[in-house]
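Reading the structure
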Amino acid sequence: MQITGEMLIGYACVRGSAGNQLAFNPALNTAIATPEFGLGTRADVDRAASLAASAFDVYRYLPLERRAAFLDAIADEIMALGDALIERAHAESGLPIARLTGERARTTGQLRMFANVVRAGLFLHATIDPAQPERQPMPRADIRLAKIPLGPVAVFGASNFPLAFSVAGGDTASALAAGAPVIVKAHSAHLGTSEMVGRAVQKAAKQQGMPEGVFSLLIGAGRDIGEALVAHPEIKAVGFTGSRQGGLALLHVANNRKEPIPVYAEMSSINPVFVLPHALAARSQALAQGFVDSLAMGAGQFCTNPGLVLAIDSPELQNFINAASQALSAKAAQTMLTPGIHAAYESARTQVEAVSGVERVASGVAADAQPNAAQAQLYVTDAQRLLQSETLQAEMFGPASIVIKAKDIAELLQVANRLEGQLTATLLLDDADHEIARTLLPVLERKCGRILANGFPTGVEVCHAMVHGGPFPATSNAMYTSVGASAIDRFLRPVCYQDLPDTLRPQAVQDSNELSLWRLVDGEMTREVL
């Protein structure tokens, strides 16, 4: 597929007129010479949003099977791009070929998962409370509920997942599954990759007879296009994965509209790992190796990277620190996604090193002349330093972590209570640690969206039970997840239908149940015809 540097607005390919931008190869630290990508204008935003608004009712009323077939077709078209997609993503991100191949599988897998979610129809939450005309002292009307999509959704591609959290990633897949048209703002770190995937989505839309405007892809430098998109009155929700600063900026725009809209922003998390005493005594070296492997994976550029380790001070903890230091010292420096991300990582760890009482105990292999490469780092300090310093709770987006020594269980619990909201928390424990874990669990349930035992948080399974969310600042809305089948709920709202004639009701709550859905009828789940 030839990359042209054009935006995709509905079925049209549009050359942006607000200037040009080249893609960038972070491993070589050079621009990719061709093509130039034309930057969009507010007029382009308006055109895409108007097309999306026109497509909305047509798209959401299509039979569920056609919506599901569209999602499957997108997956097919992405796979049809072959090795060229992986090679382009590798050039633009510096991520290894094997990692990107796995990410492509995840991307197509979640599209197919949402196709099956659509076919099953449970996301509609079809609920029927039949009329009770004889009820005393007052009759009950016929009351039925089904969920409908909010409207067109703006999606922002993420820097660290050029496929799975980008143009056809989880936000786009779940919004399209909900019945909402999508407008994606491509991330500037992977412009060519974004165009290739965008063209695959556009091709699938045409082949499946989707209304024009069901999908568009915009390009813009800085914040102008993104803020214009969030501010546009036709946009009804936003999906974002990125920095806290970027997420809060979009949240501000959305909240200051005449009609505020929800922003589902995944922003920052340090994902604390609690190493409990008996596990530490039994297998400190194995736990240390697993921790370092998780920390250094992908140059630490995962939102679930374990940025904090907490344990009660002991000789066994020192054994863990020694083993982790040895393992980390062998980790090679890795290219980060962009020069800006690399600079932010260097700045963050410099700030940590400036905090009194923080000791750097290990560094990975030096980057030498390798551009934009992150050297892994491990720090140690005590719990009181953490309690007194906001800097130590800030995310270092990269392969760096801090081990926190607590005096006792009470101090460990004190630290847990002071942590900000997180995507994950991990308990490394043995059977004899269950009593301590039982004390920690109520706090961790309040603090995060996913609690792991004897694993490491990097690696988010795409499945029905997954929660990839958490209290602020991990996300802007802790009620929802951005990964897993229930991510579709972000883009739906309930509508109640009272005493409507059966032919006017949504198909999901009609008496005939032609979709053969499981429905809650008078408080009981059934697939029976009424």
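Sequence positions are assigned chain by chain, starting from 1 and proceeding in written order. Only residues with pLDDT of 70 or above have their local features reported here, since the model is predicted, and side-chain atom pairs are shown and tallied only from 80 upward, although totals for entire chains, interfaces and linings are computed over all residues. Only hydrogens and water are removed before side-chain values are computed, so all heavy atoms of the structure are retained for them.

**Notes on the overall build of the chain**
Put simply, the test is: Starting at the N terminus, helices and strands are each numbered in turn, a helix being any DSSP run of H or I of at least four residues and a strand any DSSP run of E of at least two. Within these notes, the globule rule equals 2.2 Å times the number of residues to the 0.38 power, and the radius of gyration is based on C-alpha atoms. The buried label goes to any residue with under 20% of its type's maximum accessible area, the exposed label to any with over 50%, and the partly exposed label to all in between, with areas taken from a 1.4 Å probe on protein chains only. Whether two residues are in contact is decided by their heavy atoms: any pair within 4.5 Å suffices.
A tally of regular secondary structure across the chain gives 14 helices and 23 strands. Its C-alpha atoms give the chain a radius of gyration of 25 Å, near enough to 24 Å, the size a compact globule of 530 residues would have. Across its three principal axes, the chain shows a C-alpha extent of roughly 75 × 65 × 40 Å. The proportion of buried residues among the 530 residues of the chain is 57%. Contacts in the chain between residues at least 24 apart in sequence constitute 75% of all its contacts with a sequence separation of at least 6.

**A short note on the pattern of salt bridges**
Put simply, the rule is: Salt bridge, as used here: a side-chain nitrogen of Lys or Arg that lies within 4 Å of a carboxyl oxygen of Asp or Glu.
Taken as a whole and judged by the stated rule, the model has 28 salt bridges. Here Glu-353 makes a salt bridge to Arg-349, at a shortest N to O gap of 3.2 Å. In this pair, Glu-353 and Arg-349 both sit in helix 11 (residues 339–353), four residues apart, roughly one turn of the helix. Glu-353 sits in the partly exposed class, given a relative accessible area of 32%. One salt bridge in this structure joins Asp-502 and Arg-505, with 2.6 Å as the shortest N-O distance. According to the relative accessible area criterion, Asp-502 is partly exposed, its value standing at 25%. According to the relative accessible area criterion, Arg-505 is buried, its value standing at 11%.

**Comments concerning helix 7 (residues 224–231)**
If you check which residues of helix 7 are buried, you get Ile-225, Gly-226, Ala-228, Leu-229 and Val-230. Buried residues in helix 7 make contact with helix 1 (42–60), strand 7 (153–156), strand 8 (182–185), strand 9 (215–218), strand 10 (237–241) and helix 8 (244–255).

**Topic: the packing of aromatic side chains**
Two descriptors summarise a pair of aromatic rings, namely the distance from one centre to the other and the angle between the planes of the rings. This is how it is decided: Pairs were defined over the aromatic rings of Phe, Tyr and Trp, the Trp ring being its six-membered one, requiring ring centres within 6.5 Å. Orientation was assigned from the angle between planes: stacked under 30 degrees, edge-to-face over 60, tilted for the rest. Think of it as a cone above the ring: NZ of Lys or CZ of Arg counts as a charge over the ring if it is within 6 Å of the ring centre and within 35 degrees of the ring normal.
Taken as a whole and judged by the stated rule, the model has seven aromatic pairs. Consider the rings of Phe-161 and Phe-165, whose centres lie 5.3 Å apart with planes at 55 degrees: the pair is tilted. Summarising the burial analysis for this pair, Phe-161 and Phe-165 share the class buried. Taken together, the ring pairs connect Phe-161, Phe-165 and Phe-302 into an aromatic cluster. A cation over an aromatic ring shows up here: Arg-60 above the ring of Phe-56, its NZ or CZ 5.3 Å from the ring centre.

**Topic: the sheet that holds strand 9**
Formally: One bridge is not enough; two strands pair if DSSP finds at least two bridges between them. Fitted lines through C-alpha atoms give the axes, limited to the stretch in contact for helices. The angle between two N-to-C directions lies from 0 to 180 degrees.
Strand order in the open sheet made by the seven strands is 2-1-9-8-7-10-11, with mixed pairing throughout. In this open sheet, the two edge strands, each paired with only one partner strand, are strand 2 (12–14) and strand 11 (263–266). Recorded for the sheet is a direction-independent mean angle of 20 degrees between the axes of neighbouring strands. Where helix 6 (residues 191–207) meets the sheet, its contacts fall on strand 1 (7–9), strand 2 and strand 9, and the angle it forms with strand 9 comes to roughly 165 degrees.

**A few points about the UniProt feature "domain: Aldehyde dehydrogenase" (unreviewed entry) in the chain**
Applied cut-off: UniProt positions are given in the numbering used here, feature names are shortened, and annotations may be inferred rather than shown by experiment.
Within the UniProt annotation, "domain: Aldehyde dehydrogenase" (unreviewed entry) is assigned to residues 23–459. Between the first and last C-alpha atoms of residues 23–459 the distance is 28 Å; the span itself is 45% helix and 20% strand.

**What about the pairing of strand 10?**
Of all five residues that make up strand 10, five are buried, and the element is covered over most of its length. Where burial is concerned, the two faces of strand 10 agree: the one with Ala-237, Gly-239 and Thr-241 and the one with Val-238 and Phe-240 are both buried. Note: strand 7 against strand 10, four bridges, orientation parallel. Across the sheet, Val-155 pairs through a bridge with Gly-239, a residue of strand 10. Pairing of strand 10 with strand 11 involves four bridges; the strand directions are parallel.

**Digging into the sheet that holds strand 22 (residues 519–521)**
Taken in spatial order, the five strands line up as 21-6-5-22-23 in an open sheet, and their pairing is mixed. Two strands lie at the open edges of the sheet, namely strand 21 (492–498) and strand 23 (524–526), each paired on one side alone. Averaged over all neighbouring strand pairs, the angle between strand axes comes to 25 degrees, with direction disregarded. Examined bridge by bridge, strand 22 and strand 23 share three bridges and lie antiparallel to one another. When the bridges of strand 23 are listed, Arg-519 appears paired with Thr-526.

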